Amino acid sequence: FKTAPKWDIEGKTDYVNFLEKYNYKNRGCYTCPIACMQNYRVPGLGATVISCELYTQLNWGVRNDDMMLWYETTKMCHLYGIDPVSVSRVIAWLSYLYEEGIISARETDGIAMEWGSRDAIYGMLQKTIDREGLGDVIADGIDAVAKKLDAAIPATKRQGKSTKYWAMQVKNNPMYDINPRYKSNALA
């Protein structure tokens, strides 16, 4: 992480600094020599374990440069049994639809789904946990959300396509921020 992503020009998503400041031990699966799971303890937010894809989804995946928001939302997903990858992909999809003008805050319970916004990320995650409003539909998957959005948005506003067209998904399952057409990913 020597250079910041283009949307994070100030380098706020500094994992190395976060790791050095809050990591207290590493663990791995039984007999694994790598121990890729970092155990963190952040004052005021408590402890959790983060590894692999969880480092990118609720920050880079939704253009969030607030490391504490990333940590807090990832920990919330652990506590409530929500897949951080899936919920981040839905939030990113809604943010894209919002940015393109296909949806407005009216369709998202008054939440402006702006990229990287604490209100959008935390708010939609909390609504999903509480199964409240659009969050209740999100808990049922992308198909349910697309059906609800398509019913509320004129076809002309969505270019005659379902809103699902813009979702990174396969058979109603959100995808990682990868291109599955790469041979190495296909083989994995």
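See the structure above.
Bear in mind the structure is a predicted one, so any value in this text is a computation, not a measurement.

A. Fine view of the packing of helix 2 (residues 67–80) against helix 4 (residues 118–130). Where helix 2 meets helix 4, the axes come as close as 11 Å, and the angle between the chain directions of the two elements is 10 degrees. Between helix 2 and helix 4, the crossing angle belongs to the class labelled roughly parallel. Residues L69, E72, T73, M76, C77 and Y80 of helix 2 lie in contact with helix 4, whose contacting residues are R118, I121, Y122, L125, Q126 and I129. Its residues placed into classes, the contact of helix 2 with helix 4 shows eight nonpolar, two polar and two charged.

B. A look at the side chain of E72. Within the fold, E72 resides in helix 2. Sequence-distant contacts of E72, defined by excluding residues within four places in its chain, comprise L45, R118 and Y122.

C. Seen up close, the pairing of strand 2 (residues 37–42). Strand direction decides the pairing type here: strand 1 (residues 23–27) and strand 2, joined by four bridges, are antiparallel. Across the sheet, residue N26 finds its bridge partner in strand 2, namely Q38. Here five bridges tie strand 2 to strand 3 (residues 46–50), and the two strands are oriented antiparallel to one another. Looking at the pairing, N39 lines up with V49 of strand 3. Here strand 2 folds back onto strand 3, and the loop between the two strands holds three residues, one of which, G44, carries a positive phi near 85 degrees.

D. Focus on the pattern of salt bridges. Across all of its chains, the model carries nine salt bridges by this definition. The salt bridge involving E132 is made with K127; its shortest N-O contact spans 2.8 Å. The exposure class assigned to E132 is partly exposed, which follows from its relative accessible area of 41%. The exposure class of K127 is buried, given its relative accessible area of 13%. Linked by salt bridges that have partners in common, D109, K127 and E132 make up one network.

E. Expanded view of the environment of L79. Note that L79 resides in helix 2. With relative accessibility at 61%, the residue L79 sits in the exposed group. Once the C-alpha coordinates of L79 and T48 are considered, the two residues, 31 residues apart in sequence, prove to be 9.1 Å apart.

F. The arrangement of helix 2 in detail. Taking 1.5 Å as the rise per residue, helix 2 with 14 residues should run 20 Å; its terminal C-alpha atoms sit 20 Å apart, in good agreement. Along helix 2, 10 of the 14 residues are buried, which leaves the element largely enclosed by surrounding structure. Among all positions in helix 2, only M67, L69, W70, Y71, E72, T73, T74, K75, M76 and C77 are buried. Tucked inside the fold, the buried residues of helix 2 contact helix 1 (15–22), strand 2, strand 3, helix 3 (84–99) and helix 4. The backbone nitrogen of M68 has a side-chain oxygen 3.0 Å away, supplied by the residue at the start of helix 2, namely D66. Backbone geometry just after helix 2 places G81 at a positive phi near 70 degrees.

G. Quick look at the side chain of D150. Within the secondary structure, D150 is located in helix 6 (residues 142–152). Sequence-distant contacts of D150, that is, excluding residues within four places in its chain, are made with R158, S162 and T163.

Rules used in this analysis
Residues numbered from 1 in each chain as written. Predicted model: local features only at pLDDT ≥ 70, side-chain atom pairs only at ≥ 80, totals over all residues. Heavy atoms only, no water. Axes fitted to C-alpha atoms, helices over the stretch in contact; angles between N-to-C directions. Helix = DSSP H or I, 4+ residues; strand = E, 2+ residues; numbered from the N terminus. Parallel < 35°, antiparallel > 145°, perpendicular 65-115°, else oblique. Contact = heavy atoms within 4.5 Å. Nonpolar A, V, L, I, M, F, W, Y, C, P; charged D, E, K, R; others polar. Pairing = 2+ DSSP bridges. Salt bridge = Lys/Arg side-chain N within 4 Å of Asp/Glu carboxyl O. Buried < 20%, exposed > 50% of the residue type's maximum accessible area, 1.4 Å probe, protein only. Expected span 1.5 Å × (residues − 1). Polar contact = N/O pair within 3.5 Å; in protein donor to acceptor, adjacent residues only side chain to side chain.

Shape is all these values report; function is a separate question.
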